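Take a look at the letters that make up each chain.
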Amino acid sequence: MNIIETKNLYKTYEGVVPVTAVNDVNLEIKKGEFTAIVGPSGSGKTTLLNILGGLDSPTSGSAIVDGQDIAHLRNNELIDFRLNNIGFVFQAYNLIPVLTARENVEFVMLLQKRSKEEREARTKELLEAVGLGELLDKRPNQMSGGQQQRVAVARALAPKPTFILADEPTANLDSQSTATLLDIMAELNQKENITFLFSTHDQRVIDRAKRVITLEDGKIVSDETRETTVA
Amino acid sequence: MLLQISWRNIWRNPLRSGLIIVAIALGIWAAVFTFAFSFGMMESRTRDILETQISHVQFHHPEFEREDPGSNFLPLSQELIEKVENDPATLTSTARYLANGILNSTKGRKGTFPVQILGIQPANEAEVTSLDNRIIAGGYFEKEGRRVPEVVIGKSLAEEIGALTYDESGKEIYDFKRKITLSNIQLPNSSSAAIRVKIGGIYKAQNSQLEKLQVFINKDDLLRKLNLGTEVHEIAALIQDGKTLSKEKKVSYQKDLQESQSTVVKQLTKKIRSQSLIFGSLPSVDEGWTAEVVINKVMSQKMQLMQDSAIRTDRTYKISGFSLNEEDEKTFTVYPTGIIDDGDVKPAVYMPKGNMLYEADLIGKPMRITKAETEKIKNIKLESEAKMVAQTVKVESWSDLAPEIEVIDNQFSSSMRIFVIIILLALGFGIVNTMLMAILERTRELGMLMSIGMNKAKVFTMIMLETVMMTFIGAPIGMALAALTISYTGQTGIDLSGLETGAEFGMSSMVYPSIPITYYGEVAVMVIIAGILAAIYPSLRAIRLKPAEAVRAI
């Protein structure tokens, strides 16, 4: 079952010299995939992820996520769509600095208007799953980069999204933290069947991906599926 | 949780938020205290003017003019004085006889000085205007009934006429032995008189113009010297809550007095009628010229007024050689309404004077009557009662007498409000700037919040809350500081005697800052509005961020 499907997807930035960042992308991603989108800078990775994440709209074509064409959603509908369908993990973690790890994770569920009991239980469960059961009440500035990114993963999982969209999640992490993070995400993928879609330059991430899509000048130039991931 | 996030966001940069809060607190403190200071200054100035010059309320003849008091005396003055004195609202009152005159100085600096002569009741005047407290040399009407009455003059006038000189060391020397003449004192009958007086005391006034102009003399001495009765031009009173004498209260005061006076007038009319009216009725007393007259018995016989036990109504009667204002003589058509027995053997016609009818005015001048049988006399109602319209006393509050005080007060209040608005504007811009900086620093975080599904309304609310909260912390601190400062300085006062305070214009050198309690509410509302307005722009900037770009901002 495809949870993401794009058809003839184009994104052109108008200007003195128009730039086509996404050029006729046709893509299908199934539930439970662990996919890396790779390519050189300016290849259109980020634009494609923005469109799939409902942060940007395509110039033409369709982007169907979980059966819904998000290319034609209005702004408010997109906000709700993002809240309920997509978990974001950013390169710079982007946690709310004034909230603790627990509060950061809980915040998204609060936006979803989940009950207090549900929020508390799921927050605890997710933070334990990413190995931060001991750091519930720490603020981001009291944690390492790797720990912060793990909180970000827990936050991304909190709203029970259709898939996790991770933009260069390991770019700011050392090897050890990267390995730990990838282990956690791979485990979540395998055990919980959670779909991950990465944009990355990091070979360590590419090595662990089950599928690697390569973009160049906005076009998919290769789409390689692997049987097993590199440990 | 929004509230929690906003609150914690404020303290992410304690120095910056602290500075803004301090700025808000100081701004509000400055605004409120400046207002209290100015309010205190105006209040003190107004109180000084009211309690030393014009009082809370004054009573005059409707046509009274201060520049030319003439014969516009208060009708039924003795009854009115008693009524005002006994009114429960009256704290203290005094009556005055006013006249313009010339002070002639024949010794020292010779010359003539136009003055306003105020015949006062010394004891009452002291209570109403504290004139006795303003005596700086000599005495305050210590003896009454002297052959040469004493006057109290201002220091400036004393200097002008040479009654105040200075020795080499600059010490003041007053000449209390001098006798001076007050001449050209206008009398009710348009003639004038002169009296010799001596300087008994010197007063100091806050208004140096009045100090040069006003000469006080015991009213009884003045009236005795001028061979006048008990007439007064003015009653001035301090009354409870006089500073805030409302229009409604004034109207009710006026109505009360009018009712009271109307009763007195009616009683008097009845008395006159029972003593002297032998036929018909007294003229109706109305506003303006009524043309109704009563005539004496001799005149009625001369006019052959009576026919079949009734006043003839088939004739028109005219009075010539008579004028109401005693200046231009005209011929008036009149309607006799009654006959009185005045015991006179000469023919006489009596007219109401102005819109008044009272004992003194019934003793009018005999007039020549020419009869002209032209048309039927109308409007003779023998059975009608004398109409006593009570529009006989003008009651004026201090704001009627010196509207400029209220105007200046209001202008001052308005300018203070503008000042507060300017302070709040400056604060508002400071807040906007700070919040814009905060948003710039948090672009990525705001981008993240919008990416993960926080809608624009919540982002807007979060930024608004942060701004408004800072205002809400600073404002009470500022208000509390202002309340403390005002309370302290309101007790001790602020002495401005070393500064040019405009004493000549009636400004006091001691200022006791005070502020109506409602003003705190007014400032609070203004601060809330300023805080909300200042929050709008940064909040709008925040929601205009594009999450895809903001989330990657450096």
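Owing to the predicted nature of the structure, the values given are computational and were not obtained by experimental measurement.

## Observations concerning the overall build of chain A
Then, in step 1: Scanning chain A from terminus to terminus reveals 7 helices and 10 strands.
Then, in step 2: When the 231 residues of chain A are sorted by exposure, 48% land in the buried category.
Then, in step 3: A separation threshold of at least 6 residues defines the contact pool for chain A, and within that pool the share at least 24 residues apart is 69%.

## So, the overall build of chain B
Then, in step 1: Along the backbone of chain B there are 16 helices and 22 strands.
Then, in step 2: Residues counted as buried form 38% of the 554 residues belonging to chain B.
Then, in step 3: Here the contacts in chain B between residues at least 6 apart in sequence split such that 80% fall between residues at least 24 apart.

## A short note on the packing of helix H12 (residues 403-441) of chain B against helix H14 (residues 456-492) of chain B
Residues and elements named next belong to chain B.
Then, in step 1: At a minimum axis separation of 11 Å, H12 and H14 run at an interaxial angle of 140°. Accordingly, the angle class assigned to the pair H12 and H14 is oblique. Relative to H14, H12 is oriented so that their crossing is right-handed. Contact residues: Ile431, Met435 and Ile439 in H12; Ile463, Thr467 and Met470 in H14.

## Notes on helix H1 (residues 2-10) of chain B
Residues and elements named next belong to chain B.
Then, in step 1: Taken together, the buried positions of H1 are Ser6, Asn9 and Ile10. Seen end-on, H1 carries its buried residues on one side only, within an arc spanning 105°.
Then, in step 2: Taken together, the buried residues of H1 touch helix H2 (14-54) and H14.

## Section: the sheet that holds strand S2 (residues 19-30) of chain A
Residues and elements named next belong to chain A.
Then, in step 1: Across the sheet, 4 strands lie side by side as S2-S1-S4-S5; this open sheet has antiparallel pairing. Edge positions in the sheet fall to S2 and strand S5 (68-69), since each has one partner strand and no second.
Then, in step 2: Note that strand S1 (residues 2-13) and strand S4 (residues 60-65) share 5 bridges and pair antiparallel. Pairing of Tyr10 across the sheet is with Ser60, part of S4.
Then, in step 3: In the packing of helix H1 (residues 45-52) onto the sheet, the strands contacted are S1, S2 and S4, and the crossing angle to S2 comes to about 55°.

## Points about the interface of chain A and chain B
Then, in step 1: With 20 residues of chain A in contact, the opposing surface of chain B contributes 16 residues.
Then, in step 2: Sorting elements by how many residues they give to the side of chain A that touches chain B places helix H2 (residues 75-85) of chain A first, with 5 residues.
Then, in step 3: Among the residues forming the side of chain A that touches chain B, the class breakdown is 14 nonpolar, 3 polar and 3 charged.

## A look at the packing of H1(B) against H14(B)
Each pair of packed helices can be described by the angle between their axes along with the distance between the axes.
Residue and element names in this part refer to chain B.
Then, in step 1: Direction vectors running N to C along H1 and H14 enclose 50°, while the axes themselves pass 9 Å from each other. Considering the angle they form, H1 stands oblique to H14. As for how H1 packs across H14, the hand of that crossing is right-handed. Taking contact as the criterion, the partners of Leu2, Leu3, Ile5, Ser6, Trp7, Asn9 and Ile10 in H1 are, on H14, Lys458, Thr461, Met462, Leu465, Glu466, Met469 and Met470.

## A short note on the environment of Asp69(A)
All names here are of chain A.
Then, in step 1: Residue placement: Asp69 occurs in strand S5.
Then, in step 2: Considering only alpha carbons, one finds Asp69 and Ile4, 65 residues apart in sequence, at a separation of 9.7 Å.
Then, in step 3: Ignoring anything within four residues of it in the chain, the contact list for Asp69 reads Ser62, Ala63 and Ile64.

## A word on the pairing of S1(A)
Residues and elements named next belong to chain A.
Then, in step 1: When S1 meets S2, the two strands line up antiparallel, connected through 8 bridges. Following the sheet pairing, Thr12 is matched in S2 by Thr20.
Then, in step 2: Taken together, S1 and the strand that follows it, S2, pair antiparallel across an intervening segment of 5 residues.

## Details of unusual backbone geometry
Leaving glycine aside, a negative phi is the common case for residues, and trans is the common case for peptide bonds.
Then, in step 1: We note that Asp217(A) has phi near 50°; this positive angle belongs to a residue other than glycine.
Then, in step 2: Relative to the helices and strands, Asp217(A) is located in the loop between strand S9 (211-216) and strand S10 (219-225).
Then, in step 3: With 15 C-beta atoms counted inside 10 Å, the residue Asp217(A) sits in the partly exposed group.
Then, in step 4: The phi dihedral of Phe141(B) falls on the positive side, at around 45°, and the residue is not glycine.
Then, in step 5: Assignment of secondary structure puts Phe141(B) in the loop between strand S4 (135-138) and strand S5 (150-154).

## Details of the environment of Ile339(B)
Residue and element names in this part refer to chain B.
Then, in step 1: Tracing the backbone through its elements, the reader meets Ile339 in strand S17 (residues 330-340).
Then, in step 2: For Ile339, a count of 22 C-beta atoms within 10 Å gives the class buried.
Then, in step 3: For the pair Ile339 and Leu277, spaced 62 residues apart in sequence, the C-alpha separation works out to 5.9 Å.

## What to know about the sheet that holds strand S8 (residues 195-199) of chain A
Residue and element names in this part refer to chain A.
Then, in step 1: Read across the sheet, 6 strands follow the order S6-S7-S8-S3-S9-S10 without closing on themselves; strand pairing throughout is mixed. The sheet terminates laterally at strand S6 (86-89) and S10, the two strands that pair on one side only. Sheet twist, expressed as the average angle between the axes of neighbouring strands with direction ignored, equals 20°.
Then, in step 2: One ladder, built from 4 bridges, connects strand S3 (residues 34-38) with S9; its direction is parallel. Following the sheet pairing, Thr35 is matched in S9 by Arg211.

## Regarding the nonpolar core
Residues and elements named next belong to chain B.
Then, in step 1: Of all hydrophobic cores here, the largest spans 115 residues; its most connected members are Ile28 and Val32.
Then, in step 2: Once residues within four sequence positions are removed from consideration, Val32 is found in contact with Met479, Ala482, Ile515 and Val523.
Then, in step 3: Among the nonpolar cores identified, the runner-up in size contains 46 residues, and Val57, Ile199, Leu222 and Leu238 belong to it.

## Some words on helix H4 (residues 122-129) of chain B
Residues and elements named next belong to chain B.
Then, in step 1: Listing the buried residues of H4 in full gives Pro122, Asn124, Glu125, Val128 and Thr129. Across the axial projection of H4, the buried residues extend over an arc of 155°, all falling on one side.
Then, in step 2: If you follow the buried residues of H4, they end up packed against H2, strand S2 (90-105), strand S3 (111-120), strand S10 (214-218) and strand S11 (234-239).
Then, in step 3: Backbone geometry just after H4 places Ser130 at a positive phi near 55°.

## A closer look at the confidence of the model for chain B
All names here are of chain B.
Then, in step 1: Looking at chain B, the pLDDT average stands at 77 and 75% of residues meet or exceed 70.
Then, in step 2: Across chain B, S10 holds the top mean pLDDT of 94, while helix H10 (residues 359-362) sits lowest at 32.
Then, in step 3: Confidence drops under pLDDT 50 across residues 321-326; counting only partners more than four residues distant or on other chains, this segment forms 9 contacts.
Then, in step 4: Under a pLDDT of 50 for its full length, residues 354-391 has, in the predicted model, 94 contacts with residues more than four places off or in other chains.
Then, in step 5: Both scores are given for the predicted complex: the pTM is 0.63, the ipTM 0.88.

## Focus: the environment of Gly280(B)
All names here are of chain B.
Then, in step 1: Relative to the helices and strands, Gly280 is located in strand S12 (residues 277-280).
Then, in step 2: Overall, the presence of 23 C-beta atoms within 10 Å leaves Gly280 in the buried class.
Then, in step 3: Taking C-alpha positions, Gly280 is 8.2 Å from Ala310, a pair spaced 30 residues apart along the chain.

Cut-offs and rules
One numbering rule holds for all chains: residues counted from 1, following each sequence as written. Each chain takes a letter, starting from A, and each ligand takes a number, starting from 1, following the order in which they are written. Restriction of local features to residues with pLDDT of at least 70 applies here, the model being predicted, together with a cutoff of 80 or more for giving and counting side-chain atom pairs; totals for whole chains, interfaces and linings are based on all residues. A run of H or I in DSSP counts as a helix once it spans at least four residues, and a run of E counts as a strand once it spans at least two, with each numbered from the N terminus. Exposure in this text rests on C-beta crowding, where 20 or more other C-beta atoms within 10 Å of a residue's own make it buried, 12 or fewer make it exposed, and counts in between make it partly exposed. The C-beta atoms are placed from the backbone. By the convention adopted here, residues make contact when the C-beta atoms placed from their backbones lie within 7 Å. In this analysis, axes come from line fits to C-alpha atoms, helices being fitted only over the stretch in contact, and the angle between any two N-to-C directions falls in the range 0 to 180 degrees. Orientation is classified from the angle alone, with under 35 degrees giving roughly parallel, over 145 giving roughly antiparallel, 65 to 115 giving roughly perpendicular, and any other angle giving oblique. Rotating anticlockwise by less than a right angle from the far helix to the near helix defines a left-handed crossing, while the corresponding clockwise rotation defines a right-handed one. Working definition: the arc comes from the directions between the helix axis and the C-beta atoms, pointing outward to the latter. If DSSP finds at least two bridges between two strands, the strands pair. Any residue that is not Ala, Val, Leu, Ile, Met, Phe, Trp, Tyr, Cys, Pro, Asp, Glu, Lys or Arg is counted as polar, Gly included; the first ten are nonpolar and the last four charged. Here a nonpolar core is just a set of buried residues of the types Ala, Val, Leu, Ile, Met, Phe, Trp, Tyr and Cys, joined wherever their C-beta atoms sit within 7 Å. Per-residue confidence from the predictor is reported as pLDDT, which spans 0 to 100.

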